[in-house]
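Notes for the structure review
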Amino acid sequence: MTERTVTAKRVPPAQLAPQLRDAITRLNRRVRQARPVGDLTVTQLSALTSLKLAGALTPRELADVERVQPPTMTKIVAKLEERGLVQRTPHPTDGRQVILAATEGGRAVLDQFERARNEWLASRLAALTEDERDTLRRAAEILQQLARA
């Protein structure tokens, strides 16, 4: 390896941060576009995913997780409930509250979206060399560490 090659690989964190953020944002946007055709919005899918991951949340908790105002979440939940993707149950200790959870149908819709996204990404990864895929595997581990920090 030449000194120039070694130097070129050393990128200061302040320079790497915007490059990495841009690449992740663009890839995420492209993966989100690789979804089955349907009438669910990205916001509705995100709320449904949060319910699937959490198991169940109050509307306020869901609004907080999704970083939207409660009235906005009320509209999102109403649309999901209309389609049978979310169900409400009484709160076990607070009669004024309800608990929201993804229905079996809601989880099935999310699984369908996830399969479509994974298939799209797998087809792109198949076009890479084994070394490039190994590099991405290692990068994925590092990105998971960053996300947990």
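The shown structure was predicted, so the numbers you read here are calculated from the model rather than taken from an experiment. (Residues numbered from 1 in each chain as written. Predicted model: local features only at pLDDT ≥ 70, side-chain atom pairs only at ≥ 80, totals over all residues. Heavy atoms only, no water.)

It is worth spelling out the environment of I76 at this point. Here I76 shows up in helix α5 (residues 70–82). A sequence separation of 13 residues divides I76 from A63, and the C-alpha atoms of the two residues are 9.8 Å apart. The residues touching I76, leaving out its near neighbours within four places in the chain, are T43, Q44 and A47. (Helix = DSSP H or I, 4+ residues; strand = E, 2+ residues; numbered from the N terminus. Contact = heavy atoms within 4.5 Å.)

For helix α3 (residues 42–54), with 13 residues, the first-to-last C-alpha span of 18 Å sits near the 18 Å given by 1.5 Å per residue. Of all the positions in α3, only Q44, L45, A47, L48, S50 and L51 are classed as buried. Residues of α3 that are buried in the fold lie against α4 (59–66), α5, β1 (86–90), β2 (98–102) and α6 (104–126). Looking one or two places after α3, you find G55, whose phi comes out positive at around 95°. (Expected span 1.5 Å × (residues − 1). Buried < 20%, exposed > 50% of the residue type's maximum accessible area, 1.4 Å probe, protein only.)

Further remarks concern the nonpolar core. Among the nonpolar cores identified, the biggest contains 19 residues, and L40, L48, L51, L62, M73, L80 and V86 are the most heavily contacted of them. Counting residues per element, the ones that place at least two in this core are α3, α4, α5, β2 and α6. (Core = buried A, V, L, I, M, F, W, Y, C linked by side-chain atoms within 4.5 Å.)

Here we come to the side chain of T103. Its place among the elements puts T103 in the loop between β2 and α6. Within polar-contact distance, the side chain of T103 engages the backbone nitrogen of G106 at 3.0 Å. Ignoring any residue separated from it by four or fewer positions in sequence, one finds T103 in contact with G84, L85, V86 and Q87. (Polar contact = N/O pair within 3.5 Å; in protein donor to acceptor, adjacent residues only side chain to side chain.)

When two helices pack together, their arrangement is given by the angle between their axes and by how far apart the axes lie. At their nearest, the axes of α4 and α5 sit 9 Å apart, and the two run at 105° to each other. If you check the angle between α4 and α5, you find them roughly perpendicular. For the pair α4 and α5, contact is made by P59, R60, L62, A63 and E66 and by P70, M73 and V77, respectively. Grouping the amino acids of the contact of α4 with α5 by side-chain chemistry returns 6 nonpolar, no polar and 2 charged. (Axes fitted to C-alpha atoms, helices over the stretch in contact; angles between N-to-C directions. Parallel < 35°, antiparallel > 145°, perpendicular 65-115°, else oblique. Nonpolar A, V, L, I, M, F, W, Y, C, P; charged D, E, K, R; others polar.)

A few words on a nonpolar patch on the surface. A cluster of nonpolar side chains, V11, L16, L20, I24, I142, L143 and L146, forms an exposed patch at the surface whose accessible area comes to about 550 Å². At the level of elements, α2 (13–33) and α7 (130–148) are the ones that each hand at least two residues to the nonpolar patch. On the secondary structure map, I142 appears in helix α7. The class of I142 is partly exposed, set by a relative accessible area of 47%. (Patch = residues over 30% accessible without salt bridge, like charges linked within 9 Å, V, L, I, M, F, W, Y side chains within 5 Å. Areas by Shrake-Rupley, 256 points an atom, 1.4 Å probe, with all protein chains shown as cover. Salt bridge = Lys/Arg side-chain N within 4 Å of Asp/Glu carboxyl O.)

It is worth spelling out the environment of R107 at this point. Locating R107 in the fold gives a position in helix α6. On a C-alpha basis, the gap between R107 and R60 in space is 21 Å, while along the polypeptide they are 47 residues apart. When sequence neighbours within four positions are dropped, the list of residues in contact with R107 reads K52 and A102.

Close approach of charged atoms allows side chains with opposite charge to pair. In this structure the tally under the stated criterion is 8 salt bridges. For R26, the salt bridge identified is with D22, shortest N-O distance 3.0 Å. Residue R26 and its partner D22 are both found in helix α2; the two are separated by 4 residues, about one turn of the helix. A residue is classified by how much of its surface remains accessible, and R26, at 53% relative accessible area, is exposed.

Interpretation in functional terms is not warranted from these geometric data alone.
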